[in-house]
Amino acid sequence: LDTLPGRPPALVGGDFNAPADDPALDALPGRREAFAGSGTPPPASTLNPVGPGLRAVALDHLFLYGDDSRGLAWVAAERALERPGAGGLFPSDHAAVFGVLERRDSE
């Protein structure tokens, strides 16, 4: 991503198998995480469900990466797909994470 001219904004999201503050994510310097950026308390876990032998940990993230001067800001972040469906099965072993960005004019 650093090789793109002008470091245009990029959304980078998924299962990183690491908490948001893990040093392994330092490969994305200047990243802005959706929960922290929007002021929304982060989920304790993104695992569905946290069962025996599993610890509650948020491994799934949504980051905005790139030039901050473009005026994009996180305004909301949430977990989704965190409840079992009609058959009692979860849609995935991880909850989805989504965020809302807003363009803000530079002052």
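If you're wondering where the values come from, they're calculated on a predicted model, not measured in any experiment. (Residues numbered from 1 in each chain as written. Predicted model: local features only at pLDDT ≥ 70, side-chain atom pairs only at ≥ 80, totals over all residues. Heavy atoms only, no water.)

Caption draft 1: Focus on unusual backbone geometry. Even without glycine at this site, Asn17 takes up a positive phi of about 50 degrees. Here Asn17 shows up in the loop between strand S1 (10-15) and strand S2 (32-33). The exposed category is assigned to Asn17, whose relative accessible area is 58%. One non-glycine residue, Leu81, lies in the positive phi region at around 55 degrees. (Helix = DSSP H or I, 4+ residues; strand = E, 2+ residues; numbered from the N terminus. Buried < 20%, exposed > 50% of the residue type's maximum accessible area, 1.4 Å probe, protein only.)

Caption draft 2: Representation of the nonpolar core. One finds Ala34, Phe35, Leu62, Leu64, Leu72, Trp74, Ala77 and Val97 forming the largest nonpolar core, which totals 8 residues. Sorting the residues of this core by element identifies helix H1 (34-38), strand S3 (60-65) and strand S4 (72-80) as the ones contributing at least two each. Among the elements that make up this core, the one with the highest residue count is S4 (3 residues). Not counting chain neighbours up to four residues away, the residues in contact with Ala34 comprise Leu62, Trp74 and Ala77. Judged by nonpolar contacts, the second largest core, of 5 residues, contains Val12, Leu28, Phe63 and Tyr65. (Core = buried A, V, L, I, M, F, W, Y, C linked by side-chain atoms within 4.5 Å. Contact = heavy atoms within 4.5 Å.)

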